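Chain and residue survey
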Amino acid sequence: MSFAPLEVSVNGKLVKLFHGATVRHALINAAAGSELVRLVQSGRARVWDETAGAETDLGGALYDGQKLIIK
Amino acid sequence: MKSKRNLLALLVVFTLLFAVGSGAWAAALSAATGTAVEMGNGVITPAVWSAAREYDWYTAFSTRTERLTGQPVTLHSDFTVKANAARLTVSNEGVRELDVAINGQRLNLNTFFHQGIGVSSFDISDLIKYGPNTIDIEARGKPGGAATVAVEAPALTARIISINDIHGKIDPLPKAAAYVRAAKAAGGNVYFVDAGDDFSGNPVSDLNKGRPVVEVLNAMGTDLLAVGNHNFDHGPEATQARRAESIFSWLSANIAVADPTATPIQPFEPYKIFTTDLGQKIAFIGLTETPPSTGAKNIVGLRFTDPLAAAEERINELREQVNLVVLVSHNGLDFDERMAQAITGADLIVGGHSHTYLSAPAVVNGIPIIQAGSDARYLSDLVVRQAGAVTVTGGAAGGAFTVATAGMTAEDPGARAIVDDWNARMAPILDARLGYTPAPLNRDDRYAMDVSVGNLITDAMRDYMDAQIALTNNGGIRASIPAGDITMRQVYTVLPFGNFVMKFNLTGDQIRQIIEYSWNRDNRHQVDLQTSGLTYTVYTRPDGSIDHLDLKVNGQPIDPGAIYSVAVADYIGTGGGGYPLPGMATPVDLSSDVDAIIVGEYVKKIGTLNYAATAGRIRIKTAPIPVAVNKLNFYNSSSLLADLNGALVPLTGQATVLVSAEPTAYQYERSSTAPKNFAKVNAGTPIPLAALQQVGGGQVVGLGAILVANGYRPSYQNPQWFTNLLDRLTGLFGTGISSTGTSSLAASGASGAAVLFDEGHGQYYNAARLSSIASFLGDRGYNVGFTGPNTPLTAARLEGVKALVITTPGSVGAYTGEELAVLQSFVTGGGSVILASQTDYNNNSNPVELNNIAAAIGAAIRFNSDEVRDSSPNIDGTAVYSPLTDEFNPGYPDLLKVR
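All right, on to the overall build of chain A then. Per the secondary structure count, chain A includes 2 helices and 5 strands. A sequence separation of at least 24 residues applies to 39% of the contacts in chain A between residues at least 6 apart.

Take a look at the structure:
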């Protein structure tokens, strides 16, 4: 298993994580806590993959350069 | 889907024209598109293929016209079919007899002629073969008649319904099953494809290692599955077992079994080929994320290769054999898009892994890519039609490409029964006894100490990840467990968030930083991390901040430079709570089970737990209030001398005395055996205990005792004085460095530590016995290192070191000439050396060796073979070997400051 570093952005904030991390991890890192994760879990916000132009979710695997918008 | 309108594409058209009035017949092979190819000696070999699709035979045609002489027309031709189905159509306008043989087998056309039908079509699928074929035609008739014989191959039409990243969510599957069943019942070539990651995410599935998912997929009529990273999550045995239970194929073209003795997992099929009802072939190639995100222990013995290269290899292998290539890729949309850009020969990518919901295919390089979110919330539904080019349309109602399971009404009763059965089984599973605890497992005092439930959780994490240390944050512990039987339901109540566990390799210093952060987090000044393998004591100041930390791993002081494996909840491992782990290191392993499962399995393994309310893993103590240095304790100290032309003389002017014994002190020759270099100081002269000498660009300090070994009396200010001394030697004095700040001194691990303690020459005072001062210095911004035992001093070892501390070498601790030269160079170059001796009690001192070092580096300071005693003052009025002193050199007030 490799954990090569990768970088994504969450609402414009750069987050450095690693191969194998998920959207949930990016949101935890970006908020330094569970606030964004809870927003998504409760259905009050959705995760939009700006790079792909499509919706994803907390379990989605991250890829380098991905731009996530929580809206 | 099998209908006349789909039988449009003509492969070869043979037209027999019976020329009016000429008595001659003309035979022609006419081209529907006008694309001419070489006919040669009757062999129709398509010479023009679509550049992107070599196997696209639909565009191959040939023309030839030949005038005949009134004799029966015969025509022989070879033709190539890249399909497994074909029809022969005859259109007749007055031909009396027509014989057609395919590959030497004659068709019976009698009925056709007897009924006088103008046009008729015959299924010749059984006569043709994939590849080269022959046709022989013989026609007889009157001039004016004509016949057209056409070999036709139908367009390929298939409906591909897919799902991906189910993650154990079986509840929506009965509806999905009804949808798939209905599609298949409607006829045609319908394939239900699963793009991987079927497990992990639902206790019903997780606690049964994925069995419920496989059972439902079987009931759904699943045709194949591309192996996803989370298909390995329940371990190799479970992976192989689930696969064996599947009545569909698990595909991966980029996984090989590298060591069959290390895994029960059998090799995966790289692809699977289906044949349509019209005989066309569709290849589905499975591709798996590489490297796969699952626990390392799950994939031992397997080798994962580049999925793109694997796809190219298989496409090259298959594209002459099949009509359609579908890549079922568990690699995420980003990868799939890059793959589509790079690859040729694929017709469609059915993806997974990134949980992307694509309401319509993304088309890259002409290749449609579809993915259907996750958790069985959607199915994608595509109708793929290949007649020359490939077109994809939506197969769901209204031409939609996806359909939400929530919006479906019908349920497949078989799948529903399976789901209901597993859900019903869950109640007893959740309430089954995993183990027993005679005492409650409380979380109540978790912000002040270690608590039993925290100890259980971290013990389980450490065991699961095979780590030396485990840490988890208090915020993730949501409940206590009462005394009595422990059930899985209770464990889920304690750990409801589904956190995974990560493993890092961290230095002792990084672990110290994490504990320090945990205490200071948001200025809470309270315990935030429960621990296993590591014990820690937080010494606090009056304002609650950390004065210093005492960390131990399995009872031994933590080594700042050593590497420890640490399991942490992924919440803090990915920066939750602001924890600095992501910036410190990358993980080395990730659990494939969530924390609740890990703890549940651990309880089951242990059986009866034995946890006290607290185990002393975390303690909070109030640090002594720092005061200016006003008294030092020279426990077990020798006195200092000087060397004068080879003779030991009292130290008076050769170096600056920093600290002297009180006037009441006296020298005592405690040992009567060698080594002997005892010398009396002059009568009435204070006995030197600490001295400083500038040597070249550096400084040398002599101490009669180390002063700061573990167990020093905190009521005296030995650590503060020692730190102040290092501040002076390293140039930090006056820089205003904060007690919790980071040293400005360069450091690159132990070998580059700013302050290095030599324990490589048999020193009694090693890392274990100097851990307190190491921690004290670390809290004040120093990078502290130890050489390790039996380690020579080299220039490389001293790279970046500002101050080197050498305590009494052991009996095997002689410094080599090479080492002494290194030390001399070190001091000359600006480094500082502290030489610390000790009492000659029991011959434990080694002044000869220390004095050799002092001489080698050019210092006049020497060490006596004695013990400095004082009847008053000393630490308790009786311990004469533990004198106190406040005889400080007033020229060095910086050594007495508080910081």
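Still more to cover.
Let us look at the overall build of chain B. Of the regular secondary structure elements, chain B holds 18 helices and 49 strands. Across the 899 residues of chain B, 53% fall into the buried class. Considering only residue pairs separated by 6 or more positions, chain B has 78% of its internal contacts joining residues 24 or more positions apart.

A word on the sheet that holds strand 20 (residues 367–370) of chain B. Residue and element names in this part refer to chain B. The strand order across the open sheet built from 6 strands is 14-15-17-18-20-19, with neighbouring strands paired in mixed fashion. Lying at the two open borders of the sheet, with one neighbouring strand each, are strand 14 (271–275) and strand 19 (362–364). For this sheet, the mean inter-axis angle between neighbouring strands, taken without regard to orientation, is 25°. The pairing of strand 18 (residues 348–351) with strand 20 spans 2 bridges and is classified as parallel. Paired with I349 across the strands is I369, a residue of strand 20. Sheet strands in contact with helix 7 (residues 333–342) are strand 17 (324–330), strand 18, strand 19 and strand 20, and its direction is about 170° off that of strand 20.

Below, the discussion takes up the environment of N218 of chain B. Residues and elements named next belong to chain B. Looking at the secondary structure, you find N218 in helix 4 (residues 211–220). Once the C-alpha coordinates of N218 and F248 are considered, the two residues, 30 residues apart in sequence, prove to be 7.3 Å apart. Setting aside chain neighbours within four positions, we find N218 in contact with S246 and I247.

Moving on, we get to the pairing of strand 17 of chain B. Residue and element names in this part refer to chain B. Burial analysis of strand 17 places 7 of its 7 residues in the buried class, the great majority of the element. Burial along strand 17 is two-sided: L324, V326, V328 and H330 facing one way and V325, L327 and S329 facing the other are all buried. As defined by bridge partners, strand 15 (residues 281–288) adjoins strand 17 across 7 bridges and the pair is classed as parallel. Of the residues in strand 17, the one forming a bridge with L287 is S329.

Attention now moves to the sheet that holds strand 49 (residues 887–888) of chain B. All names here are of chain B. Sheet architecture is open: 8 strands sit in the order 43-42-44-45-41-40-38-49, paired in mixed fashion. Each edge of the open sheet is held by one strand with a lone partner, namely strand 43 (784–786) and strand 49. Sheet analysis places strand 38 (residues 656–660) next to strand 40 (residues 688–695), joined by 4 bridges and oriented antiparallel. Bridge pairing in strand 40 places V659 opposite A690.

All names here are of chain B. Taken as a whole, chain B shows an average pLDDT of 84; of its residues, 85% reach a score of 70 or greater. Confidence over residues 1–11 falls short of pLDDT 50; this stretch has 30 contacts with residues more than four positions distant or in other chains. Predicted complex metrics record ipTM = 0.93 and pTM = 0.65.

Generally speaking, a soluble globular protein has its nonpolar side chains buried in company with each other. Ranked by size, the top nonpolar core spans 166 residues in total, and within it A26 of chain A together with L251, I285, V326 and V328 of chain B carry the most contacts. Core analysis: the next-biggest nonpolar cluster, separate from the first, contains 78 residues, L641, F722, V801 and I853 of chain B among them.

The next thing to look at is unusual backbone geometry. Residue and element names in this part refer to chain B. T290 connects to P291 through a cis peptide bond whose omega is -5°. Along the chain, P291 falls in the loop between strand 15 and strand 16 (302–304). At D197, a position not held by glycine, the phi torsion is positive, near 65°. For D197, the position within the fold is in the loop between strand 10 (190–194) and helix 3 (203–206). Its 30 C-beta neighbours within 10 Å are what place D197 among the buried residues. Backbone geometry at H355 places phi at a positive 60°, although glycine is not the residue there. Position of H355 among the secondary structure elements: in the loop between strand 18 and strand 19. By the C-beta count within 10 Å, which is 29 here, H355 ends up buried.

Right, let's get into the packing of helix 2 (residues 173–185) of chain B against helix 4 of chain B. Residue and element names in this part refer to chain B. At a minimum axis separation of 9 Å, helix 2 and helix 4 run at an interaxial angle of 20°. Viewed along their axes, helix 2 and helix 4 adopt a mutual orientation that is roughly parallel. Crossing handedness for the pair helix 2 and helix 4: right-handed. Taking contact as the criterion, the partners of L173, A176, A177 and V180 in helix 2 are, on helix 4, V216, A219 and M220.

For the rest of this paragraph, the subject is the packing of helix 2 of chain B against helix 8 (residues 413–431) of chain B. Residues and elements named next belong to chain B. Contact pair helix 2 / helix 8: the axes reach a minimum separation of 8 Å and the direction vectors enclose 165°. Taken together, the axis directions place helix 2 and helix 8 in an arrangement best described as roughly antiparallel. Helix 2 and helix 8 meet at a crossing whose hand is right-handed. Of the residues in helix 8, those in contact with L173, P174 and A177 of helix 2 are A415, R416 and V419. Tallied by class, the residues present in the contact of helix 2 with helix 8 amount to 5 nonpolar, no polar and 1 charged.

Here we take up the pairing of strand 29 (residues 534–540) of chain B. Sheet faces and side chains relate simply in a regular strand, where the side chains alternate between the two faces. Residue and element names in this part refer to chain B. Relative to strand 30 (residues 546–553), strand 29 runs antiparallel, the two sharing 7 bridges. Of the residues in strand 30, the one forming a bridge with Y536 is L551. Counted between consecutive antiparallel strands, the loop separating strand 29 from strand 30 contains 5 residues, among which G544 sits at a positive phi close to 90°. Both strand 29 and strand 34 (residues 618–622) contribute to a ladder of 5 bridges, which runs parallel. Residue pairing in the sheet places Y536 in a bridge with I618 of strand 34.

Residue and element names in this part refer to chain B. Mapped onto the fold, L534 is located in strand 29. L534 sits 83 residues away from R617 along the chain, and the two C-alpha atoms are 7.2 Å apart. Discounting chain neighbours no more than four positions away, the residues touching L534 are I469, I511, L551 and V553.

Three- or four-residue spacings in an α-helix give side chains the same orientation, since the helix completes a turn every 3.6 residues. All names here are of chain B. Extensive coverage of helix 7 is indicated by the burial of 7 of its 10 residues. Of the residues making up helix 7, those classed as buried are L333, D334, F335, D336, E337, M339 and A340. Where helix 7 is buried, its residues touch helix 6 (307–318), strand 17, strand 18, strand 19 and strand 20.

Once that is clear, we can look at the environment of N298 of chain B. Residue and element names in this part refer to chain B. If you trace the backbone, N298 turns up in the loop between strand 15 and strand 16. Its 24 C-beta neighbours within 10 Å are what place N298 among the buried residues. Along the sequence, N298 and P236 sit 62 residues apart, while their C-alpha atoms lie 5.4 Å from each other. Residue contacts for N298: discarding those within four places in its chain leaves F232, D233, G235, P236 and S592.

What counts and what doesn't
- Residues numbered from 1 in each chain as written.
- Chains lettered and ligands numbered in written order.
- Predicted model: local features only at pLDDT ≥ 70, side-chain atom pairs only at ≥ 80, totals over all residues.
- Helix = DSSP H or I, 4+ residues; strand = E, 2+ residues; numbered from the N terminus.
- Contact = placed C-beta atoms within 7 Å.
- Buried ≥ 20, exposed ≤ 12 C-beta atoms within 10 Å, placed from the backbone.
- Pairing = 2+ DSSP bridges.
- Axes fitted to C-alpha atoms, helices over the stretch in contact; angles between N-to-C directions.
- pLDDT = per-residue confidence, 0-100.
- Core = buried A, V, L, I, M, F, W, Y, C linked by C-beta atoms within 7 Å.
- Parallel < 35°, antiparallel > 145°, perpendicular 65-115°, else oblique.
- Left-handed = near helix turned anticlockwise from the far one by under 90°.
- Nonpolar A, V, L, I, M, F, W, Y, C, P; charged D, E, K, R; others polar.

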